[in-house]
Amino acid sequence: MSDSKPQVNPPLWLLAELTYRCPLQCPYCSNPIDFAKQEKELTTEQWIEVFRQARELGSVQLGFSGGEPLVRKDLPELIKAAHDMGFYTNLITSGIGLTEKKLTAFSEAGLDHIQISFQASDETLNSALAGSQKAFQQKLEMAKAVKAQGYPMVLNFVLHRHNIDQIDRIIELCIELEADDVELATCQFYGWAHLNREGLLPTREQIARAEATVQVYRERMAASGNLANLLFVTPDYYEERPKGCMGGWGAIFLSVTPEGDALPCHSARQLPVKFPSVLEHDLKHIWYESFGFNRYRGYDWMPEPCRSCPEKEQDYGGCRCQAYMLTGNADNADPVCSKSPHHGKILAAREEANCTTMQIDQLTFRNRANSQLIFKV
Ligand code: FES
């Protein structure tokens, strides 16, 4: 089947990565390792213009993320502008830097939804992973304040080999904090997480135990009628088929980096593909016409085994970034797929997870100094 002109729908999801500045240092951060190279950030007016163009294209949902978006002083102004345009707005935050006063200001500006991320269910582990002693108490207080102000709240825990065995305590904490939704997302290996993969990937046994615990809680909470939505995401590395990353390349998702590069996913900047800047082109051109956004649309670009695969319309050959990171060529099938000739890389990583003795203090933490060191910025 040939589809030289795949149908292109609007970018329903806009992710505004407002800044790479962040007070925490999580070693599994999906931000690019070379983030220290990007010093500049779009101005308030430039961001608002991006929102306006995205809304005109048909975007309906806008996520504010980073880095830590709270370090942007103009956040209330950005929220208000997006809200007035009709976006459903979501703040994705560590909670560090949040105050009750800011929560009120965001509410008045029209913020719809808040996601707070935790590193662990206890202070000691949380501090070790976040690289901050004060983070845990602050997160607890802010989660309570978010609920007290009536926001719907998602609590997000990134799981890895050092915290996945405390999943029962993590769920208990989420119940205690009255989360509306809980995301227990096993680490995916992009950015800093990929750099630290050996020290983060859980074993298959850890995943199986965690899944069983989640199931027990789901049944218990359904029976009590007091169900926080409990989402458990297994890592790609234990799948036999790849995910349809981002719902397809340039299909629904549009991300803009702090300095204005437009990307079809948050990791694409590492690919050897030219991506456009919102400072040079309007979003209509970027979404429909640019080389970067068209590079992996449709199916004609696919080599085998994806080209003749009956599943290609569900998984689009998997994740281009993962293919690039693991095989050096983003055109290849995602090695997660057992049909990929590179699937052995995934099997080797699973084996490594069984043998490694790497501890938390041996991980490379995400901070400016390490970014500069790695890339000699
Ligand atoms: Fe970039 Fe999957 S994260 S295509």
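Here the residue index of a chain counts from 1 through its sequence in written order. Local features are withheld for residues below a pLDDT of 70 in this predicted model, meaning they are given only at 70 or higher, and side-chain atom pairs are given and counted only at 80 or more; totals for whole chains, interfaces and linings count all residues. Calculated side-chain values reflect all of the structure's heavy atoms, with hydrogen atoms and water omitted.

Going by what an unreviewed UniProt entry lists, the protein chain is known as PqqA peptide cyclase and is assigned to Chimaeribacter coloradensis. UniProt positions are given in the numbering used here, feature names are shortened, and annotations may be inferred rather than shown by experiment. Its UniProt record gives the protein chain a comment under Function (unreviewed entry), which states: "Catalyzes the cross-linking of a glutamate residue and a tyrosine residue in the PqqA protein as part of the biosynthesis of pyrroloquinoline quinone (PQQ)." Its UniProt record gives the protein chain the following Sequence similarities (unreviewed entry) comment, quoted word for word: "Belongs to the radical SAM superfamily. PqqE family."

Asker: How would you explain helix α15 (residues 368–375) if you had to name every residue and give the values?
Answerer: Side-chain atoms alone can form a polar contact between residues adjacent in sequence; in general such a contact is a pair of N or O atoms within 3.5 Å, and within protein one must be able to donate a hydrogen while the other accepts it. The numbering of helices and of strands both runs from the N terminus, where a helix is a DSSP run of H or I of at least 4 residues and a strand a run of E of at least 2. One side-chain oxygen at the N-terminal end of α15 lies 3.3 Å from the backbone nitrogen of Ala-369; it belongs to Asn-367. The positive-phi residue at the C-terminal boundary of α15 is Lys-376, with phi of around 45°.

Asker: Residues and numbers for a nonpolar patch on the surface, please.
Answerer: Residues Leu-195, Leu-373, Ile-374 and Phe-375 make up a contiguous nonpolar surface patch of roughly 360 Å² in combined accessible area. It is α15 that contributes the most residues to the nonpolar patch, three residues altogether. Note that Leu-195 resides in helix α7 (residues 191–195). Two joining distances apply to patches: 9 Å for like charges and 5 Å for nonpolar side chains (Val, Leu, Ile, Met, Phe, Trp, Tyr), and every residue must have over 30% relative accessible area and no salt bridge. Accessible areas in this description were obtained via Shrake-Rupley with a 1.4 Å probe; residue shielding takes into account the shown protein chains only. The salt bridge definition used is simple: a Lys or Arg side-chain nitrogen within 4 Å of an Asp or Glu carboxyl oxygen.

Asker: How would you summarise the pattern of salt bridges if you had to cite specific residues and measurements?
Answerer: For the structure shown, the criterion picks out 16 salt bridges. Among the salt bridges present, the one from Glu-41 reaches Arg-21, with a minimum N-O distance of 3.0 Å. Taken together, the positions of Glu-41 in the loop between β1 (13–17) and α1 (44–57) and Arg-21 in the loop between β1 and α1 put the pair 20 residues apart, joining distant regions of the chain. When accessible area is computed with a 1.4 Å probe and restricted to protein chains, residues below 20% of their type maximum are described as buried, those above 50% as exposed, and intermediate ones as partly exposed. The exposure class of Glu-41 is partly exposed, given its relative accessible area of 24%. The salt bridge involving Arg-269 is made with Asp-34; its shortest N-O contact spans 3.0 Å. Of the two residues, Arg-269 sits in the loop between β9 (262–263) and α10 (283–288) while Asp-34 sits in the loop between β1 and α1, which places them 235 residues apart along the sequence. Judged by its relative accessible area of 25%, Arg-269 is partly exposed. Take Asp-34: its relative accessible area is 14%, and that puts it in the buried class. Each of Arg-21, Glu-41, Arg-72 and Asp-74 takes part in one network of salt bridges that share partners.

Asker: With reference to specific residues and values, describe the state of the cysteines.
Answerer: Two cysteine sulfurs form a disulfide in these notes if their separation is within 2.5 Å. Within the structure shown, the criterion is met by zero disulfides. Free of any disulfide, Cys-174 has its nearest neighbouring cysteine sulfur in Cys-26, separated by 16 Å. We note that Cys-309 lacks a disulfide partner, and the nearest cysteine sulfur, in Cys-337, lies 6.2 Å from it.

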